[in-house]
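A closer look at the structure
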Amino acid sequence: MSECSKKTNIRNDGIDCLKCLCAFFVICIHKPFPSQFNQYIFPFIRVAVPIFFMITGFFYCRTEDKKKEIRQIKKICIILFYANLLYLVWEVVKILILKKSLIIYFNEILKLKSIMKMLIFNESPFSGHLWYLFAILYVLLIVLFLEKNINKNKLYVLIPCLLIGDLLFGKYSNLIWGVAFPLFLVRNFLFVGIPYFYLGDYISEKIKNINLKKLRWPCSLLIIIFYITTLLEKNILIMYNMNTSREHYASTTFLAITIFLFFISFENEFKKYKFMYVFSKIGLEYSMLIYVIHVIIIQCYDKFIPLLNKRVKGINNIYEIFAPFLIFITTLILANIFMNLKKNKLYKFGFKL
């Protein structure tokens, strides 16, 4: 176990701001902008979840130094439990309102296939986006075991191997195997969680003696370059009818790395600018809660807006344009209310988000 660098031990406002941005990107993934605009930004915003894993890996040495590995795992377990319980209750409420059969629903989620997909591939039967919580839990458990038995430098070999595996069975599966594999086979702890976690951990090891500000302009240029190459990959695959649903390209990894380095280069400069510091505070305090509850907000708006459109013509078109911003703001407000209630001890869930 190596000692943390001073840069990793100090709270980085740039990373907190990045967490806020990634939380917004996740909302954009699940409630996209209009297609004519979304086709250009979708490959870019797909870095969100990989970056979340990188952030956890980046600060993991601090977790180790403070001997808080088990505490972190317990925290994720609690969040995972309550998030899945929330969406179970939410689905039951929807079924009751629509007067559908609860028996059919429970039969579906209790099928052996559903349970195995959850346990092996992190696919939550209650809401698809909760795979991330299962995956990060698995990653932390695996890392805790591996690092007690294997030198960390040897574990970094997993990064290219698993990322290549993601491409072979994900975005390029049609090209290589002639078949598009199900999304859950690669969108899980193995092909996303572990390699990106160790990428973040590797970066934290290598920046000890680097002036981070010198990374800013090279990373700015590289972000543009890798964004363009990502679009090129997408268009070439579409041109040859080889595209798959997995929006993770070879360039996505390099794009995620350069975005991550760009934001950590700011360290604590955002404290000078109140406007930017607000975003870092959102990322620090609310990003996890935004990630968990935003799907419920999307579903509520998707039901409410068409009803409102019958009374106010054209509101649906406006909503489609601004939906990600509206959902982000609404989710943030609810997250803020929840956290304030929790601080006032009106709600005690036993964990800190």
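Our structure's up above, just so we're on the same page.
Residues numbered from 1 in each chain as written. Predicted model: local features only at pLDDT ≥ 70, side-chain atom pairs only at ≥ 80, totals over all residues. Heavy atoms only, no water.

**Comments concerning helix 16 (residues 274-311)**
Its 38 residues give helix 16 an end-to-end C-alpha distance of only 40 Å, which falls more than 12% under 56 Å, the value for a rise of 1.5 Å per residue. The principal kink in helix 16, of about 65°, is found at Tyr 286. (Helix = DSSP H or I, 4+ residues; strand = E, 2+ residues; numbered from the N terminus. Expected span 1.5 Å × (residues − 1). Bend = angle between axes of the 7 residues up to and from the residue.)

**Quick word on a positive patch on the surface**
Residues Lys 66, Lys 68, Arg 71 and Lys 75 make up a contiguous surface patch of positive charge. Residue classification places Lys 66 among the partly exposed residues on the basis of a relative accessible area of 48%. (Patch = residues over 30% accessible without salt bridge, like charges linked within 9 Å, V, L, I, M, F, W, Y side chains within 5 Å. Areas by Shrake-Rupley, 256 points an atom, 1.4 Å probe, with all protein chains shown as cover. Salt bridge = Lys/Arg side-chain N within 4 Å of Asp/Glu carboxyl O. Lys, Arg positive; Asp, Glu negative; His and termini not counted. Charge placed at Lys NZ, Arg CZ, Asp CG, Glu CD. Buried < 20%, exposed > 50% of the residue type's maximum accessible area, 1.4 Å probe, protein only.)

**Thoughts on the pattern of salt bridges**
This model, assessed by the stated rule, comprises twelve salt bridges. Salt-bridge contacts for Glu 64 lead to Lys 152; the nearest nitrogen and oxygen are separated by 3.6 Å. In this pair, Glu 64 sits in helix 5 (residues 60-65) while Lys 152 sits in helix 10 (residues 152-155), placing the two residues 88 residues apart along the sequence. With a relative accessible area of 4%, Glu 64 lands in the buried category. Of the residues examined, Lys 152 reaches a relative accessible area of 13% and is grouped as buried. Here Lys 281 and Glu 285 are joined by a salt bridge, their closest N and O atoms 3.1 Å apart. Linking Lys 281 with Glu 285, this pair stays in helix 16, spanning four residues, or about one helical turn. Residue Lys 281 is classed as partly exposed on the basis of its relative accessible area, which comes to 33%.

**Thoughts on the nonpolar core**
With 105 residues, the main nonpolar core has Ile 51, Phe 53 and Phe 260 as its most contacted residues. Looking at this core element by element, the count peaks at 14 residues for helix 16. With residues up to four places along the chain from it excluded, the contact list for Ile 51 reads Leu 18, Cys 22, Ala 256, Ile 259 and Phe 260. (Core = buried A, V, L, I, M, F, W, Y, C linked by side-chain atoms within 4.5 Å. Contact = heavy atoms within 4.5 Å.)

**Digging into the state of the cysteines**
Counting across every chain of the model gives zero disulfides. Take Cys 219: it sits in no disulfide, and the sulfur closest to it among the cysteines is that of Cys 22, at 15 Å. Owing to a relative accessible area of 3%, Cys 219 belongs among the buried residues under this scheme. (Disulfide = S-S within 2.5 Å.)

**Thoughts on the packing of aromatic side chains**
As enumerated under the stated definition, the model contains 28 aromatic pairs in all. Taken together, a centroid distance of 5.2 Å and an interplanar angle of 55° make the contact between Tyr 132 and Tyr 291 tilted. Linking Tyr 132 in helix 9 (residues 131-149) with Tyr 291 in helix 16, this pair joins segments that are 159 residues apart in sequence. For the pair Phe 262 and Phe 266, a centre-to-centre distance of 5.2 Å together with 80° between the ring planes defines the contact as edge-to-face. An aromatic cluster is present here, built from Phe 24, Phe 33, Phe 37, Phe 325 and Phe 328 joined pairwise through their rings. The residue whose ring lies beneath Arg 216 is Phe 266, and the NZ or CZ to ring-centre distance is 4.0 Å. (Phe/Tyr/Trp six-rings, centres within 6.5 Å; stacked < 30°, edge-to-face > 60°. Lys NZ or Arg CZ within 6 Å of the ring centre and 35° of its normal.)

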